[in-house]
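One letter stands for each residue in the lines below.
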Amino acid sequence: MKPLRVVKSTFVPINIENIDTDQIIPARFLKATTKEGFGQNLFRDWRYENDDPSRPKPGFPLNQSQYSGEILVAGKNFGCGSSREHAAWSILDYGFRAVVSSFFADIFKNNALNNGVLPVTVSDDFLHKIFQQDHTTSLTIDLEKQTITIDGTGEQERFEINDYKRTCMLNGYSDIDYLLSIKPEIEAFEKAGN
């Protein structure tokens, strides 16, 4: 995984609640066993008419040229539904480094963290303020400080994240990488006979 410390970017707003993992990446695209290529099918059924990539739905934010960036902002209860790691893969492969919502399904949240996508949980009020911004407004997500800022207004909110997962995200560690990073301490503990 790539380390993540600060993401400063414009954002793509999808102001829809209860976005489930089948909407994020439809089940028919789950046959691949590597993480590459899933971004092209992110929100596939919402992006295209009759599953035809040559017929994008103009009203969907991913098809609107004014929206871009490394941050996806979604309505409450993002990532609900079935447990599929492919949802996090598709978000990362599309180019998003962070997803902002006022609530995440637990399994999606853990899958995102394990794959280098930072889920940022904000209050309903702060989420509403983000959705009120125009497409030129950027957000700054600072993982070290655990803050998210609406750059156009200066409004800021703190978000929570598990300390272990925060350490992994900051350093780009998988669970195995983390264990390897503390190998000397593990060996010292073993030698001490503890």
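Residues numbered from 1 in each chain as written. Predicted model: local features only at pLDDT ≥ 70, side-chain atom pairs only at ≥ 80, totals over all residues. Heavy atoms only, no water.

## Examining the overall build of the protein
Here's step 1: For the protein, the count of helices and strands is eight helices and seven strands.
Here's step 2: Taking 194 residues into account, the globule formula puts the C-alpha radius of gyration at 16 Å, and the protein, at 18 Å, falls close to it.
Here's step 3: Here the C-alpha coordinates of the protein stretch approximately 65 × 45 × 25 Å along the principal axes.
Here's step 4: Across the 194 residues in the protein, those meeting the buried criterion constitute 45%.
Here's step 5: Restricting the contact set of the protein to residue pairs at least 6 apart, pairs at least 24 apart contribute 63%.
Here's step 6: Between the centroid of the 21 positive side chains of the protein and the centroid of its 27 negative side chains there is a distance of 3 Å. (Helix = DSSP H or I, 4+ residues; strand = E, 2+ residues; numbered from the N terminus. Rg over C-alpha atoms; globule rule 2.2 N^0.38 Å. Buried < 20%, exposed > 50% of the residue type's maximum accessible area, 1.4 Å probe, protein only. Contact = heavy atoms within 4.5 Å. Lys, Arg positive; Asp, Glu negative; His and termini not counted. Charge placed at Lys NZ, Arg CZ, Asp CG, Glu CD.)

## Some points on the environment of Asn77
Here's step 1: Tracing the backbone shows Asn77 in the loop between β2 (71–74) and α3 (86–94).
Here's step 2: Linking Asn77 and Lys129, residues 52 residues apart in sequence, is a C-alpha distance of 17 Å.
Here's step 3: When residues no more than four places from it in sequence are discounted, the contact partners of Asn77 are Asn18, Ile19, Ser101 and Phe103.
Here's step 4: A distance of 2.8 Å separates a polar atom in the side chain of Asn77 from a polar atom in the side chain of Asn18. (Polar contact = N/O pair within 3.5 Å; in protein donor to acceptor, adjacent residues only side chain to side chain.)

## A look at the sheet that holds strand β7 (residues 156–158)
In a beta sheet, neighbouring strands are held together by backbone hydrogen bonds and run either parallel or antiparallel to one another.
Here's step 1: If you trace the seven strands from one edge of the open sheet to the other, you get β4-β3-β2-β1-β5-β6-β7, paired in mixed fashion. One side of each edge strand has no neighbouring strand; the edge strands of this open sheet are β4 (118–121) and β7. Going from strand to strand, the sheet's axes swing by 25° on average, the running direction of each strand aside.
Here's step 2: Pairing of strand β5 (residues 138–142) with strand β6 (residues 147–150), which is carried by four bridges, proceeds in the antiparallel orientation. If you follow Leu139 over to β6, its bridge partner there is Ile150. (Pairing = 2+ DSSP bridges. Axes fitted to C-alpha atoms, helices over the stretch in contact; angles between N-to-C directions.)

## Comments concerning a nonpolar patch on the surface
Here's step 1: A surface patch of nonpolar side chains, about 380 Å² in accessible area, is lined by Ile176, Leu179, Leu180 and Ile186.
Here's step 2: Per-element accounting of the nonpolar patch gives the leading share, three residues, to helix α7 (residues 175–181).
Here's step 3: Mapped onto the elements, Leu180 comes out in helix α7. (Patch = residues over 30% accessible without salt bridge, like charges linked within 9 Å, V, L, I, M, F, W, Y side chains within 5 Å. Areas by Shrake-Rupley, 256 points an atom, 1.4 Å probe, with all protein chains shown as cover. Salt bridge = Lys/Arg side-chain N within 4 Å of Asp/Glu carboxyl O.)

## Some words on the side chain of Arg166
Here's step 1: By secondary structure assignment, the location of Arg166 is in helix α6 (residues 163–171).
Here's step 2: No salt bridge is formed by the buried Arg166; its nearest oppositely charged neighbour, Asp163, is found at 5.3 Å.
Here's step 3: With residues up to four places along the chain from it excluded, the contact list for Arg166 reads Leu143, Glu144, Gln146 and Ile161.

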